[in-house]
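One letter stands for each residue in the lines below.
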Amino acid sequence: MDFYTGRVLRINLSHTQATVEPLNVDWARLYLGGKGLLLRYLWDEVAPGIDPWSPENPLIVMTGPFAGTGVTTGSRMYIGCKSPVTGILNDSCVGGSFGPELKFAGYDAVIIEGRAAAPTYIAIRDDVVDFRSAVKCRGMRTSQVEEMVRKDFDRRAKVLSIGPAGENEVPWACISCDQYHKAGRGGHGALMGNKNLKAIAVRGSGAVDVGDAKSFLALMLDMQADVLTADNLWAYEEGTPIFVDPVNEGGALPTRNWSAGSFEGAERINSSAFQQLRIKKRACYQCVLGCRNVHRAEYQGTRVLGEGPEYETIALCGANCGIDDIAALMKFNAECDEWGLDTISSGAVLALAMDMTEKGIADFGVHFGETDTYVEVPRMVALREGVGSELALGARALAAKYGHPELAMEVKALELPGYDPRGAFGMSVAYATADRGGCHMRATTVGPEIISRSMSPHSLTGKVEYCVAKQNFKAVKFSAVFCDFWAVTSGQIRTLLERLHKRAFTDEQVNEIGDRVWNLGRLFNLREGVEVDDIPAALYERVAPSRSPAPAPIGRAAFVDALRDYYRLRQWDEDGIPSEAKLDALGIDVRLPSGPPCSMPGLPRPSEIHRQ
């Protein structure tokens, strides 16, 4: 098949073995690559009910079919596993240049299993795979690791690495790519640390076969001209900080541990404020959008230089912590990058600790708006030192430990990102049904609810249909592996799939791929014991103080009705289980085992929410 290398690299750390096996082309035709193909491999590679911390829980790196070609944003890749945090599927998309380099080395994917006996890094040069000692990397931050690996292996190598947070198995440890790109959320970095794997470096000398290169280049040039339009230019001109003002005005900006939906200091950490600090732009490999912003500031006499922060970091580590000092926020973001921490969970857990401190529940020595201890928290969490040892529990476990689980804003143990459903009601459905727990990437209703105002933000009317359509579309988009910042159309995806599979596609067939991927993810989660589809009670029981408060709360009854509608529209039963007819229609060849969920016995089934 053109575009694919047709090879999967399997690495067993326990036995220091590397083998190559053929890509399952039937799965590739059904699931494309990226998210979809990753999930199909996870289904077979993850033994039902396996302990996520088991050496046999694999970590999979999956490229997209267009990595290493001229398709814009196609350099991104997916990293996945059974999450050590949530116990269900965990897939994370990361940009940079590792994906194309892996294809140039001759691999569509890497499956990593086992656990190394000592700190190790893997060096891949085409067909040669070396297992090298990473003892001297122990304790190194991500930029130091990348520099050391490139010096030891190849200056032009592309590197995935973990920082001390991963080594110490902090639940929200990231995997870093090109220093500033992170496979965050759900603990990939923690699992990599548990495997005693400090880094993976790759250098390839091959190329990607696209078939008729001349006509493909012409198609890419036409498509890139379409990309550089008003629908996509916001990514280059301002990037994600552009969302701070409208989300704040719309009452959906999490503030002081979700106690409010608007932050009075937002104008000091918004897009305009960051543009004054921007010194240059960057882009991922094969991307014409160039959304990456490099900023420079000074915090307490020390220069802070780095990429970002993005909107989610501004929301969770800024407003949610009561921080409007832009230099301190940049410092916090840079520290998370270096120590290897996901900023969404970092900000969420820190805001929870601040809230509990100010409520007198426990004294963690951190307060809303105070910056001195704030900028030290990433280091303390990554090293599990001082207050960081407790914060490293994560929001759910920390709140439960002190008897206040209602203060933890999470879904299925994954801390919520930067959109308060009380200002955008549709996000309640999006969060509750997201396949990896509290996540905005599967369906974000903020666009029509707050940005364009084409849908009422304070109503659930039409939101179920919108979420299902978006989840399906995002699933196929992320299986072809395009950046979320490219407003790619179904027609553009269809054109590329026709090139990929050398046959005609319809919009319905494009949607069917996304529906197939989404249902497969649901099956995986049900097999492993997915928790009830719900959100924190505070988010539908009361209105958040904000600049645009809702006239009434979402209400539990309305939320439950919406969830029932979601299941019906998906053709799932009251427990959220896909029907046999649905699975047959989608061509999904796997089924749930009989009996209760494997890894989480005793959990309420999804239908339990209807009876509470």
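Residues numbered from 1 in each chain as written. Predicted model: local features only at pLDDT ≥ 70, side-chain atom pairs only at ≥ 80, totals over all residues. Heavy atoms only, no water.

Can you walk me through the layout of surface pockets in this structure?
To find leftover empty space, a probe the size of one water molecule is rolled over the atoms. Its boundaries defined by the atoms lining it, the second largest pocket holds a volume of some 440 Å³. In terms of lining residues, the second largest pocket is bounded by 26 residues, among which E406, A408, M409, P536 and A537 are the most central. Contributions of two or more residues to the lining of the second largest pocket are made by β16 (410-411) and α22 (538-541). Residues that form the lining of the second largest pocket fall into these classes: 13 nonpolar, two polar and eleven charged. (1 Å grid on protein atoms, 1.4 Å probe; cavity = no way out; pocket = protein on both sides within 12 Å on 5 of 7 lines; lining within 4 Å. Points joined across faces, edges and corners; volume = space filled by probe spheres on them. Helix = DSSP H or I, 4+ residues; strand = E, 2+ residues; numbered from the N terminus. Nonpolar A, V, L, I, M, F, W, Y, C, P; charged D, E, K, R; others polar.)

What is the right way to read unusual backbone geometry from this model?
Across the chain, the bulk of peptide bonds are trans and the bulk of non-glycine residues have phi less than zero. A cis amide bond links G308 with the next residue in sequence, P309, at an omega value of 10°. One can find P309 in the loop between β15 (302-307) and α11 (311-318). Notably, E169 is not glycine yet its phi reads approximately 55°, a positive angle. Tracing the chain through its elements places E169 in the loop between α5 (164-167) and β10 (175-177). Positive phi, close to 70°, is recorded for R185, a residue that is not glycine. Given the relative accessible area of 5%, R185 is considered buried. (Buried < 20%, exposed > 50% of the residue type's maximum accessible area, 1.4 Å probe, protein only.)

Would you take a moment to explain the nonpolar core for this structure?
One finds L350, F364, Y374 and L391 to be the most contacted residues of the largest nonpolar core, which totals 94 residues. Per-element accounting of this core gives the leading share, nine residues, to helix α13 (residues 343-358). In this structure, L391 is in contact with W172, V349, L350, A353, F364, V377, V381 and L398, ignoring residues within four places of it in sequence. In this structure, Y4, F478, V481 and F505 belong to the second largest nonpolar core, which totals 55 residues. (Core = buried A, V, L, I, M, F, W, Y, C linked by side-chain atoms within 4.5 Å. Contact = heavy atoms within 4.5 Å.)

I would appreciate a short explanation of the side chain of R522 in the present structure.
For R522, the location among the structural elements is in helix α21 (residues 507-528). For R522, a relative accessible area of 7% translates into the label buried.

I tried to follow the pattern of salt bridges on my own but got confused; where do I start?
Summed over the entire model, instances satisfying the criterion amount to 53 salt bridges. E376 serves as the salt-bridge partner of R379, at 3.3 Å between the closest nitrogen and oxygen. Across the salt bridge formed by R442 and D435, the nearest N and O atoms sit 2.7 Å from each other. By relative accessible area, which is 4% here, R442 ends up buried. Connected through salt bridges with shared partners, the residues R10, E21, E45 and E113 form a single ionic network. (Salt bridge = Lys/Arg side-chain N within 4 Å of Asp/Glu carboxyl O.)

What exactly am I supposed to notice about the side chain of D515 here?
As for its placement among the helices and strands, D515 is situated in helix α21. The class for D515 is buried, based on a relative accessible area of 8%. Only 3.2 Å separates the side chain of D515 from the side chain of R570, close enough to count as a polar contact. Contacts of D515, omitting those with residues within four sequence positions, involve N472, R570, K582 and L586. (Polar contact = N/O pair within 3.5 Å; in protein donor to acceptor, adjacent residues only side chain to side chain.)

Help me understand the packing of helix α20 (residues 490-501) against α21 in this model?
The axes of two packed helices give the description: the angle between them and the distance between them. In contact at an axis separation of 9 Å, α20 and α21 are set at 90° when each is read in the N-to-C sense. On the basis of the axis angle, α20 is roughly perpendicular to α21. Taken together, the residues of α21 that come into contact with α20 (itself represented by S490, G491, I493, R494 and L497) are D507, V510 and I513. Taken together, the residues of the contact of α20 with α21 break down into four nonpolar, two polar and two charged. (Axes fitted to C-alpha atoms, helices over the stretch in contact; angles between N-to-C directions. Parallel < 35°, antiparallel > 145°, perpendicular 65-115°, else oblique.)

Honestly, α13 in this entry has me stumped. Any pointers?
One full turn of an α-helix is made of 3.6 residues, so residues set three or four places apart face in the same direction. In this model, α13 (16 residues) spans 22 Å end to end at C-alpha, consistent with the 22 Å of a helix rising 1.5 Å per residue. Burial analysis of α13 places 15 of its 16 residues in the buried class, the great majority of the element. For α13, the capping residue at the N-terminal end is D342, with a side-chain oxygen 3.2 Å from the backbone nitrogen of S345. Phi for G360, located one or two positions after α13, is positive at around 80°. (Expected span 1.5 Å × (residues − 1).)

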